[in-house]
Amino acid sequence: MLWVSFTDKAGSGLWYGTSALYYTFVAGLAPHEIGLLLGVAGAVGVAGTPVAGRVADRVPLTRLLPAVHALRAAAAVGILFTGTLWLLLPIAALGSLGDRSASVLTKLYAARVAGPDRVRYQALQRTVVNIGFGIGGLAAAVALAVGTGTAYRTMLVGDAFSFAGAALLVLRCAEPPSPVRVVATAATAGGEPPLSKAPATGPWRDRGYLAYTATEALLFLDDTALNVGLPLWIATATAAPHSLVALLFVLNNVLVVLFQVRLSRLGDEPRRAAASLPLLGLAFLVAGGAMAVSAVDSAGIAVVALVVAATAFTAAEIVHAAISWELSLALAPGRSQGAYLGVHGLAQSAQRSAGPVLLTSAVMAAGPLGWLGLGGALAAVSVGQRTLVRRRLDRLDALERPGAAAPQAPAVPSGAVTVSGVDYGE
């Protein structure tokens with residue numbers, strides 16, 4: 001699976017490093033059209049995470065992932081042969097649906113394979129992912145330096161081939177054990193009611209988890225800021241050279257490779273993850289201020305400010321990755337991991353849908369003040385999420401204390417994976 005992630009993201013690095021400028025200089029789209037395209041694609045992709053998560057509780061992951069990667073490859077080829085906005089919209093939407101589905105399925109695989117070591121496993125996987133992104137980003141830098149339509153199209157072809165390669169590699173992976181299938185089998189063998197008939201609280205009725213997911217949608221904006229806002233800001237509002245875009249992507253990936261595993265300890269248990277949220281807010285404040293400074297009429301100052309902004313957004317990415325991964329699992333009941341992770345995946349899907357529109361229509365339109373406002377708002381959300389998570393963890397701790405009232409869970413034979421029937425909502 002690490003080779004799958006590397007292959008996938010090496011191709012994605014080719015495309016992410018050039019996509020905004022591909023749509024600008026090859027497809028001929030205006031900035032607001034690019035924002036619309038990415039926003040619509042992200043909106044359709046929202047459906048990928050809950051659907052994929054729910055299906056993954058019933059269907060082997062090593063069969064779902066190849067199909068999802070094949071869909072992504074087909075979408076990349078479709079973009080290559082399409083040059084108008086209204087044709088690009090449905091094709092990019094299918095690609096986004098595949099992207100979001102692949103993301104939640106890969107996370108679920110990691111959770112099932114690693115068990116209690118999931119935070120370190122996820123950090124290692126993110127390191128491998130960013131090595132792939134870095135290699136792809138270096139190739140994208142070459143394409144940006146050449147600056148021809150053929151160079152941009154070559155990056156898109158490479159992206160399509162990476163998805164095809166990832167699909168073939170997944171077919172060689174072993175299927176990890178699923179808590180849902182283990183309990184269902186054990187309960188049936190022991191004469192107990194099947195798991196599907198046991199009482200359960202779904203993620204859509206879990207108000208606490210939904211509130212947490214809503215704040216996550218905002219904190220995932222570092223992704224859109226790096227992949228959409230930064231390139232377009234450089235191209236339209238600063239004196240920095242366009243080739244800096246790809247170099248900043250490489251910087252992002254190098255920093256993640258160097259520090260993601262080391263900083264995974266920030267999220268190695270739920271309360272430590274909650275305590276680390278102010279660091280995330282500080283990173284957003286620095287990033288927003290640096291983006292505002294980069295608008296000065298000096299190429300040298302702009303380059304320095306943009307490097308600081310990219311570094312701060314990367315710091316936010318690293319800290320949030322460790323925190324979000326742990327909390328998304330720790331706050332969810334184990335028997336419904338797929339369904340809960342699918343709902344949590346809506347946060348990233350939502351920001352990929354609304355994020356480009358927000359950045360192009362509001363933040364960038366407001367100029368430097370827009371970036372300052374974004375940094376301050378995300379810092380406030382970080383502090384608010386800490387309060388929300390602590391209250392939820394306190395409730396869960398209270399339910400686990402001896403003598404605490406809790407609904408009766410169905411009995412399962414000795415050795416099976418047990419499941420809590422506790423209502424995790426408000």
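From a predicted model like this one, the values you see are computed outputs, not experimental measurements.

The rules behind the values
- Residues numbered from 1 in each chain as written.
- Predicted model: local features only at pLDDT ≥ 70, side-chain atom pairs only at ≥ 80, totals over all residues.
- Heavy atoms only, no water.
- Helix = DSSP H or I, 4+ residues; strand = E, 2+ residues; numbered from the N terminus.
- Buried < 20%, exposed > 50% of the residue type's maximum accessible area, 1.4 Å probe, protein only.
- Contact = heavy atoms within 4.5 Å.
- Areas by Shrake-Rupley, 256 points an atom, 1.4 Å probe, with all protein chains shown as cover.
- 1 Å grid on protein atoms, 1.4 Å probe; cavity = no way out; pocket = protein on both sides within 12 Å on 5 of 7 lines; lining within 4 Å.
- Points joined across faces, edges and corners; volume = space filled by probe spheres on them.
- Phe/Tyr/Trp six-rings, centres within 6.5 Å; stacked < 30°, edge-to-face > 60°.
- Core = buried A, V, L, I, M, F, W, Y, C linked by side-chain atoms within 4.5 Å.
- Patch = residues over 30% accessible without salt bridge, like charges linked within 9 Å, V, L, I, M, F, W, Y side chains within 5 Å.
- Salt bridge = Lys/Arg side-chain N within 4 Å of Asp/Glu carboxyl O.
- Axes fitted to C-alpha atoms, helices over the stretch in contact; angles between N-to-C directions.
- Parallel < 35°, antiparallel > 145°, perpendicular 65-115°, else oblique.
- Left-handed = near helix turned anticlockwise from the far one by under 90°.
- Nonpolar A, V, L, I, M, F, W, Y, C, P; charged D, E, K, R; others polar.
- Expected span 1.5 Å × (residues − 1).

Student: Break down the overall build of the protein chain for me, with residues and values.
Tutor: Secondary structure summary: the protein chain contains 17 helices and zero strands in total. Residues classed as buried in the protein chain amount to 55% of the 426 residues present. Looking at the protein chain alone, contacts between residues at least 24 apart form 84% of all its contacts between residues at least 6 apart. For the protein chain, the accessible area works out to roughly 17100 Å², and carbon and sulfur atoms hold 67% of it.

Student: How would you summarise empty space enclosed by the protein if you had to cite specific residues and measurements?
Tutor: For the structure on display, the rule yields six cavities of 30 Å³ or more. Of the volumes computed, that of the largest cavity is approximately 850 Å³. Put simply, the parts of the chain that give the lining of the largest cavity at least two residues each are α1 (2-16), α5 (61-80), α6 (85-114), α7 (118-146), α11 (221-237), α12 (244-259), α15 (299-330) and α16 (337-363). In this structure, the second largest cavity spans a volume of roughly 520 Å³. Around the second largest cavity, the lining comprises 28 residues; the ones closest to its centre are W15, Y16, L38, D99 and R352.

Student: Quick rundown of the packing of aromatic side chains? Include the residues and the values.
Tutor: Enumeration over the complete set of coordinates arrives at eight aromatic pairs. Judged by centre distance (4.9 Å) and plane angle (75°), the ring pair of Y209 and Y340 falls under edge-to-face. Of this pair, Y209 sits in helix α10 (residues 207-219) while Y340 sits in helix α16, placing them 131 residues apart in sequence. There is no split in this pair, since Y209 and Y340 are both buried. Measuring from centroid to centroid gives 5.8 Å for W233 and W371, while their planes differ by 75°, and the two rings are edge-to-face. Placement of the pair is W233 in helix α11 and W371 in helix α17 (residues 368-400), with a sequence separation of 138 residues. Here the aromatic residues W15, Y22 and Y23 are joined through ring pairs into a cluster of three or more.

Student: Describe the nonpolar core, and please don't skip the residues or the numbers.
Tutor: In this structure, Y23, L306 and W371 are the most contacted members of the largest nonpolar core, which totals 74 residues. Counting residues per element, this core draws most heavily on α15, at ten residues. Contacts of Y23, omitting those with residues within four sequence positions, involve W15, G28, L29, I34, L37, L38, I79 and L88. Counting residues in hydrophobic clusters, the runner-up holds 24 residues, among them M1, L65, V104 and L341.

Student: Requested: an account of a nonpolar patch on the surface, with residues and values cited.
Tutor: Together, L282, L285, V286, V304 and V308 give the surface a local cluster of nonpolar side chains, amounting to about 420 Å² of exposed area. Looking at the nonpolar patch, the elements that each hand over two or more residues are α14 (277-293) and α15. For the nonpolar patch, the element with the highest residue contribution is α14, accounting for three residues. Relative to the helices and strands, L282 is located in helix α14. For L282, a relative accessible area of 51% corresponds to the exposed category.

Student: Before we move on, could you go through the packing of α11 against α15 and cite the residues and values that matter?
Tutor: Taken N-terminus to C-terminus, the directions of α11 and α15 make an angle of 165°; their axes are 10 Å apart at the nearest point. Viewed along their axes, α11 and α15 adopt a mutual orientation that is roughly antiparallel. Here α11 runs over α15; the crossing is left-handed. Packed against α11, whose contacting residues are D222, A225, L226, L230, W233 and I234, the element α15 presents L306, A310, F313, T314, A316, E317 and H320 at the interface. Here the contact of α11 with α15 is composed, by residue class, of nine nonpolar, two polar and two charged.

Student: How would you summarise the packing of helix α4 (residues 48-56) against α6 if you had to cite specific residues and measurements?
Tutor: Two numbers describe how α4 lies on α6: the axes approach to 8 Å, and their chain directions differ by 40°. It follows from the interaxial angle that α4 and α6 lie oblique. Considering how the two elements wind past one another, α4 and α6 form a crossing that is right-handed. Counted together, G48, T49, A52, G53 and A56 of α4 and L97, R100, S101, V104, L105, L108 and R112 of α6 form the full contact between these two elements.

Student: Could you give me a rundown of α6, with the residues and numbers involved?
Tutor: With 30 residues, α6 should cover 44 Å at 1.5 Å per step; its first-to-last C-alpha distance of 42 Å lies within 8% of that length. A positive phi of about 60° marks G115, the residue just after α6.

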